[in-house]
Amino acid sequence: MYVAVKGGERAIENAHRLLAHERRGDRDVPEVSLAQISGQLSLGVDRVMTEGSLYDRELAALAIKQARGDMIEAIFLLRAFRATLPRFGASEPVDTSRMQVRRRISSTFKDMPGGQILGSTFDYTHRLLDPVLAGESMPEAPALAEAQPLAMPRVTDILGRDGLIESSPAEDADQPVGDLTRDALSFPADRDLRLQNLARADEGFLLSLGYSSQRGYGRNHPFAGEIRLGEVEVEFMAEDVGFAVPLGAITLTECQMVNQFKGTDTEAPCFTRGYGLAFGQSERKAMSMALVDRALRARELGEDVQAPAQDEEFVMSHSDNVQATGFVEHLKLPHYVDFQSELGLLRKLRKEFHEAMETPSEMQEAAE
Amino acid sequence: MNAPTYNFAYLDEQTKRMIRRAILKAIAIPGYQVPFASREMPMPYGWGTGGVQVTAAILGTNDVLKVIDQGSDDTTNAISIRKFFEKTAGVVTTTSTADATVIQTRHRIPEAPLHAQQVLVYQVPIPEPLRYLEPRETETRRMHALGEYGLMHVKLYEDIARFGHIATAYAYPVKVNARYVMDPSPTPKFDNPKMDNCPALQLFGAGREKRIYAIPPYTSVVSLDFEDHPFTRYKHDACCALCDSGDSYLDEIVTDNKGSRMFVCSDTDYCETRQSQGHRGSENAAPYAESKHA
Ligand SMILES: [Zn+2]
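**Comments concerning the domain arrangement of chain A**
All names here are of chain A. If you check the domain split of chain A, you get domain 1 (2-82) and domain 2 (96-120 + 148-168 + 178-321). For domain 1 and domain 2, the distance between their C-alpha centroids amounts to 31 Å. At the junction of the two partners, domain 1 supplies 13 residues and domain 2 supplies 16 residues. It is T50, Y55 and R79 that lose the most area in domain 1 upon contact with domain 2, and together they represent 44% of the buried surface on that side. For the salt bridge of D202 with R47, the shortest nitrogen-to-oxygen distance reads 3.0 Å. At the boundary of domain 1 with domain 2, the tally comes to 10 residue pairs in polar contact (both at pLDDT 80 or more). Looking at the side of domain 1 that touches domain 2, the elements with two or more residues in it are α3 (42-52) and α5 (71-82). Top element by residues in the side of domain 1 that touches domain 2 is α3. It accounts for 6 residues.

As structure tokens, then:
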């Protein structure tokens, strides 16, 4: 008697139990703590917060632990939690020119007010596996210097004084900002929604798209005008007290790409901007985002839309790794009803094919 | 740490109202895909998040819920979704098609006729019937607006020219209320006739693609075809090996390494109901040959 489809409930329970067991790993080895993940795998935590759209180091660390280090699974956990949170309102726009900068580099000027600050980076390390880290290590304390005065103008603002670069859209606190997690998205989408989509987008997907634009698929001649990392204050306008109250500081990476623009009949040639912003230290993400943001402005700037990176429907519909992984992995779900239909159809088509082969003249007639 | 607390049927009331507005619009324009602000659910996209959101938005405390996948209540994802609502809504669940007030389904329509007190909620992966003919949403929305379905008819015609018949076995497109061409979700075309003039309300939720659409009760649903090549329902060459049904949709089960196979009903409730009424198939011979249906 056929019983294969029975017992699913028991199988699920056992699968969850086995998962918990394997997550724990060797029980003779101490369990990893959230503080260790947050403090020592901090760039992973930054990525999960960025693509999870939720700034909470502790929950992101928990998600990484629960997901056994699977970053997309961790992002998914954080997103699902975020979806249930009540919305109080939107913060005031954060002012990155008032960032307490820990790292700031420009590839366009050798020096500028505030200077170049290398900060912590893998950039000039030699990628040699370090056996010292295999054991317990106690690195030297970092070298210290006086903190810079708070205001540090952005490189793009310096260019903007001469009109060499398009101006940033003016800040308008009354202009509602779209939220694609709360409203249905339709195309064409404005830049606020595009940037939100890119901020949540899979780092690898944006990296490849940005890279493709550098290799000629929608080339836009980028320069890394400035990348800065540091802390900014988040303020919330409290209507009952009548002024903005500080909620705390968050760490951000901002990238301003400076790109060529040839001008049109009515507009002089000038530099244009691509913008990237991410939680924590996420330079690869912020840079890729800026490249793709600029590529997606093709329509607005009157450029031909030919390459994948310039195609807003293509980019925005496929950038979200939580959506993508769900749909790719749903192929694991049973499809045997549809497969049975296909099987029936295929058998019929093959039968007809072979019958036609046996009587070639009829096949010829059928084709006419 | 921020400990989560959840509302009845998981979604907050504001979100439910937003989804209900989309559902009402969908009912008012049968077959039209209404965009909605799909939420991130605690199960993956592609695993029924659209259906789950629709069910969560319409579920009341007195509802009786049935969840099926591939026609069966005991497939793992159906169990997982049923448990989700048992946990978050505390509603009564059932495997009986007749007893359910809300039935969430993936890939099948129950064999037993539905009645006017029921809602059938479909999980939909790709709501756009024109998607594989035209990948751009901006284009397909325009085609729907203009009722411009030539592309679909050309596709079906090409099938006929090549194979002598329409070679679409599931997700077979339909026209709803003589206006919108609609994807019935990946149900086998065997199930298409059940959608037509159905007394139950049929709701379709696509979470990842953020669309809801509907077929109100007693609405005409016509499978696309040509006068000289009318739609035909898929017919199995076998009867159910368990309940002997000759007109239900059958799963093919491979029973040994030599490739022997048997066919059983995909709708497990239908099959079990028939067996309890005494119907016996070849693999399930009654202990006494003179059983009821003899
Ligand atoms: Zn049966």
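**A word on the packing of aromatic side chains**
Residues and elements named next belong to chain B. Under the counting rule described, the total for this entry stands at 8 aromatic pairs over all chains. Relative to Y180, the ring of Y32 lies with its centre 5.5 Å away and its plane at 55°, an arrangement referred to as tilted. Taken as a pair, Y32 in the loop between α1 (13-28) and β1 (34-35) and Y180 in strand β7 (residues 180-182) lie far apart in primary sequence, 148 residues in all. The class for Y32 is buried, based on a relative accessible area of 18%. When the ring of F204 is compared with that of Y213, the centres are 4.7 Å apart and the planes differ by 5°; the resulting orientation is stacked. Using a relative accessible area of 0% as the deciding quantity, one classes F204 as buried. By relative accessible area, which is 0% here, Y213 ends up buried. Taken together through their ring pairs, the aromatic side chains of Y10, F84 and F85 make up a single cluster. Its end group placed over the ring of Y180, R179 keeps NZ or CZ at 4.1 Å from the ring centre.

**Comments concerning the coordination of the zinc ion**
Residues and elements named next belong to chain B. Note on the zinc ion: its protein donors are C240 (SG), C243 (SG), C265 (SG) and C271 (SG). The metal-donor distances range over 2.2 to 2.3 Å. One can describe the donor arrangement at the zinc ion as tetrahedral, given that its 4 donor atoms subtend angles of 105 to 119° at the metal. Going along the chain, you hit the donors of the zinc ion in the pattern C-x2-C-x21-C-x5-C. With C243 in the loop between β10 (221-223) and β11 (250-254) and C271 in helix α7 (residues 268-276), this pair connects stretches of sequence that are 28 residues apart. Neither residue differs from the other here; C243 and C271 are each classed as buried.

**Section: the interface of chain B and chain A**
Listed by partner, the interface residues are 63 residues for chain B and 52 residues for chain A. Here chain B packs against chain A, burying approximately 4900 Å² in sum over the two surfaces, 59% of which is carbon and sulfur. Run the count over chain B and chain A and you get 6 salt bridges. Between R79 of chain A and E40 of chain B there is a salt bridge; the shortest N-O distance is 2.6 Å. Summed over the shared surface of chain B and chain A, the result is 19 residue pairs in polar contact (both at pLDDT 80 or more).

**Details of the pairing of strand β12 (residues 261-265) of chain B**
Residues and elements named next belong to chain B. Most of β12 sits inside the fold, with 4 of its 5 residues counted as buried. Sheet analysis places β11 next to β12, joined by 5 bridges and oriented antiparallel. In the strand pairing of β12, E252 is matched with F263. Connecting β11 to the next strand, β12, in antiparallel fashion are 6 residues, including G259 with a positive phi near 90°.

**Brief notes about the environment of G25 of chain A**
Residues and elements named next belong to chain A. Tracing the backbone through its elements, the reader meets G25 in the loop between α1 (8-24) and α2 (34-40). On the accessibility criterion, G25 (35% relative accessible area) is partly exposed. Separated by 43 residues in sequence, G25 and R68 have C-alpha atoms that sit 9.7 Å apart.

**Comments concerning the sheet that holds strand β4 (residues 272-279) of chain A**
Residues and elements named next belong to chain A. Read from one edge to the other, the open sheet built from 4 strands follows the order β1-β2-β3-β4, with strand pairing classed as antiparallel. Each edge of the open sheet carries a strand with a single partner, namely β1 (100-105) and β4. Shown here is a sheet whose adjacent strand axes are inclined to one another by a mean of 25°, direction ignored. One ladder, built from 16 bridges, connects strand β2 (residues 222-238) with strand β3 (residues 243-259); its direction is antiparallel. Within β3, the residue paired with E231 across the bridge is T251. Packing against the sheet, helix α9 (residues 283-296) makes contact with β1, β2, β3 and β4, and its axis sits at approximately 145° to β4.

**Describing the packing of α1 of chain B against helix α2 (residues 49-58) of chain B**
The angle between the axes and the distance between the axes are what describe a pair of packed helices. All names here are of chain B. Interhelical geometry of α1 versus α2 gives an angle of 100° and a closest axis separation of 9 Å. As summarised for this structure, α1 and α2 are arranged roughly perpendicular, according to the angle between their axes. In this structure, α1 contributes K16, I19, R20 and I23 to the contact, and α2 contributes Q53, V54, A56, A57 and I58.

**Some words on the sheet that holds strand β3 (residues 92-93) of chain B**
Residues and elements named next belong to chain B. In space, the 7 strands of this open sheet follow the order β1-β9-β8-β5-β4-β2-β3, with mixed pairing throughout. Because the sheet does not close on itself, it has two edges, and the strands there are β1 and β3. The pairing of strand β5 (residues 119-123) with strand β8 (residues 201-206) spans 5 bridges and is parallel. Among the inter-strand pairings, V119 is bridged to a residue of β8, identified as L201.

Reading the values: rules and limits
- Residues numbered from 1 in each chain as written.
- Chains lettered and ligands numbered in written order.
- Predicted model: local features only at pLDDT ≥ 70, side-chain atom pairs only at ≥ 80, totals over all residues.
- Heavy atoms only, no water.
- Domains from an automatic or database assignment.
- Contact = heavy atoms within 4.5 Å.
- Buried area = accessible area lost by both parts, 1.4 Å probe.
- Salt bridge = Lys/Arg side-chain N within 4 Å of Asp/Glu carboxyl O.
- Polar contact = N/O pair within 3.5 Å; in protein donor to acceptor, adjacent residues only side chain to side chain.
- Helix = DSSP H or I, 4+ residues; strand = E, 2+ residues; numbered from the N terminus.
- Phe/Tyr/Trp six-rings, centres within 6.5 Å; stacked < 30°, edge-to-face > 60°.
- Buried < 20%, exposed > 50% of the residue type's maximum accessible area, 1.4 Å probe, protein only.
- Lys NZ or Arg CZ within 6 Å of the ring centre and 35° of its normal.
- Donors = N, O, S within 2.8 Å, 3.2 Å for Na, K, Ca; no water.
- Tetrahedral: all angles 85-135°; square planar, octahedral: opposite > 155°, others 65-115°.
- Pairing = 2+ DSSP bridges.
- Axes fitted to C-alpha atoms, helices over the stretch in contact; angles between N-to-C directions.
- Parallel < 35°, antiparallel > 145°, perpendicular 65-115°, else oblique.

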